[in-house]
Amino acid sequence: MGAIIDAKKHVASVHGADAKNTVRSSQYLTFVLGGEVYALEILHIKEIIQYGELTEVPMMPSFIRGVINLRGKVVPVVDMTARFGRGITNVARRTSIVIIELVQDEDSEVEAQSIGVMVDAVNEVIDIADADVEPPPAFGGKIRADFISGMAKRNGRFIIVLNLAQVLSVEEMVALGSSMLDGGEPATSTNTESESEYEG
C-alpha cells in the first residue's frame, strides 16, 4: 500500500515539472491473468488486499464473484478472467483483490464507487512513458478491443494497458445484472476472439 501512495506522489511531481525537461510518463500497477501481463494506472487504485472469503450474490453476472466487507463498506468483486470471457480465476496463494475507486463524473457529488478486481497475482508498479504506449489493435486480441487502452512494450514483451472505464463500466454491469434478473441472456460482444497475440 505504501508503494502505491509513494508512486502517486511521484506521478504528481513528474506531471508538475517543466514539460520541456521531462518525458511525460505515468505509473501503472502490473498484474497477471492467465499468463498475460496487464496494467492499470495507479491513480485509480486505492489498495491491494489478499484474496479472502467472498459473499456470493444471487442472480448477478458471472463475472461478479461476490462482495466483501471493506471497513464497513460493501464492495463488489469482479473476476477479471470471467469479465474477459475466459473462464474463471482459480484461487491460489498469490490471488489478490485490487481495490479501485471509480468516479463516473468528476463534477458529480455522488461518492466514488469502490470495486474490487480479482487477479491471479500482482507484480509491481512501473513507469511507462506516454510515447511507449501504442494504440490498441483493431483486431486479433484475446479480449474485447474496447477494454484495451493501449499496448506498452517493456523488456521485450507487450503489456496490455486496460481501459478501466470500459472494463468496469457500472452502466454495463447494471444492465447485465438486470438482464439476468429478467431471465434473459446478457448481450454478448460482437468482437471475436483470436488466438493470435502480440509477440515481443
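Placed above this text is the structure.
Rules and cut-offs
Residues numbered from 1 in each chain as written. Predicted model: local features only at pLDDT ≥ 70, side-chain atom pairs only at ≥ 80, totals over all residues. Heavy atoms only, no water. Phe/Tyr/Trp six-rings, centres within 6.5 Å; stacked < 30°, edge-to-face > 60°. Helix = DSSP H or I, 4+ residues; strand = E, 2+ residues; numbered from the N terminus. Buried < 20%, exposed > 50% of the residue type's maximum accessible area, 1.4 Å probe, protein only. Lys NZ or Arg CZ within 6 Å of the ring centre and 35° of its normal. Pairing = 2+ DSSP bridges. Contact = heavy atoms within 4.5 Å. Polar contact = N/O pair within 3.5 Å; in protein donor to acceptor, adjacent residues only side chain to side chain. Axes fitted to C-alpha atoms, helices over the stretch in contact; angles between N-to-C directions. Core = buried A, V, L, I, M, F, W, Y, C linked by side-chain atoms within 4.5 Å.

**Considerations on the packing of aromatic side chains**
So, point 1. Within the structure shown, the criterion is met by 3 aromatic pairs.
So, point 2. Note on Tyr 38 and Phe 84: the rings are 5.5 Å apart at their centroids and 35° apart in plane angle, and the pair reads as tilted. Of the two residues, Tyr 38 sits in strand E2 (residues 36-41) while Phe 84 sits in the loop between helix H2 (80-83) and strand E6 (96-102), which places them 46 residues apart along the sequence.
So, point 3. With a centroid separation of 5.8 Å and an interplanar angle of 45°, the aromatic rings of Phe 84 and Phe 147 are classed as tilted. Residue Phe 84 is found in the loop between H2 and E6, and its partner Phe 147 is found in the loop between strand E9 (133-134) and strand E10 (148-154); the two are separated by 63 residues along the sequence.
So, point 4. The class of Phe 84 is buried, set by a relative accessible area of 5%.
So, point 5. Cluster of aromatic residues (ring-pair linked, three or more members): Phe 31, Tyr 38, Phe 84 and Phe 147.
So, point 6. Over the aromatic face of Phe 63 sits the side chain of Arg 83, whose NZ or CZ is 4.8 Å from the ring centroid.

**Some remarks on the sheet that holds strand E11 (residues 157-162)**
So, point 1. Read across the open sheet, the 6 strands follow the order E8-E1-E2-E11-E10-E9; overall the sheet is mixed. Every other strand in the sheet has two partners, leaving strand E8 (121-129) and E9 as the edge strands with one partner each.
So, point 2. For strand E1 (residues 25-33) and E2, the ladder comprises 6 bridges, and the chain directions are antiparallel. Bridge pairing in E2 places Tyr 28 opposite Glu 41.

**Concerning the pairing of E6**
So, point 1. The element E6 is extensively covered by neighbouring structure, given that 6 of its 7 residues are classed as buried.
So, point 2. Of the pairings in the sheet, the one linking strand E3 (residues 45-50) to E6 comprises 5 bridges and is antiparallel in character. Bridge pairing in E6 links Ile 45 to Ile 100.
So, point 3. When E6 meets strand E7 (residues 113-119), the two strands line up antiparallel, connected through 7 bridges. The partner of Leu 102 across the bridge, within E7, is Gln 113.

**Some details on the environment of Phe 31**
So, point 1. Summarising the element assignment, Phe 31 is placed in strand E1.
So, point 2. We classify Phe 31 as buried; its relative accessible area is 0%.
So, point 3. C-alpha separation for the pair Phe 31 and Glu 124, spaced 93 residues apart in sequence, amounts to 7.3 Å.
So, point 4. Phe 31 has contacts with Glu 36, Val 37, Tyr 38, Ala 39, Leu 40, Met 80, Val 119, Ala 121, Val 122, Asn 123 and Leu 162, leaving out every residue within four places of it along the chain.

**Examining the environment of Asp 127**
So, point 1. Turning to its location among the elements, Asp 127 is positioned in strand E8.
So, point 2. Look at Asp 127 and you get partly exposed, because its relative accessible area is 39%.
So, point 3. The spacing of Asp 127 and Glu 41 is 86 residues in sequence and 9.8 Å in space, taken between C-alpha atoms.
So, point 4. A polar atom in the side chain of Asp 127 sits 3.0 Å from the side chain of Gln 27.

**So, the environment of Arg 157**
So, point 1. Locating Arg 157 in the fold gives a position in strand E11.
So, point 2. Separated by 120 residues in sequence, Arg 157 and Val 37 have C-alpha atoms that sit 9.3 Å apart.

**Quick notes on the sheet that holds strand E4 (residues 64-70)**
So, point 1. Here 5 strands make up an open sheet; going across it, the order is E3-E6-E7-E5-E4 and the pairing mixed. Two strands bound the open sheet, and with one partner strand each, they are E3 and E4. The average undirected angle you get between the axes of adjacent strands in this sheet is 30°.

**What about the nonpolar core?**
So, point 1. Formed by 30 residues in total, the largest nonpolar core has its most connected members in Met 80, Phe 84, Ile 100, Leu 162 and Leu 168.
So, point 2. Of all the secondary structure elements, the ones that give two or more residues to this core are E1, E2, H2, E6, E7, E10, E11 and helix H3 (164-167).
So, point 3. Residues within four places of Met 80 in sequence aside, it is in contact with Phe 31, Leu 33, Val 117, Met 118, Val 119, Leu 162 and Val 167.

Note that every value here comes from positions in space, so none of it alone points to a role or purpose.
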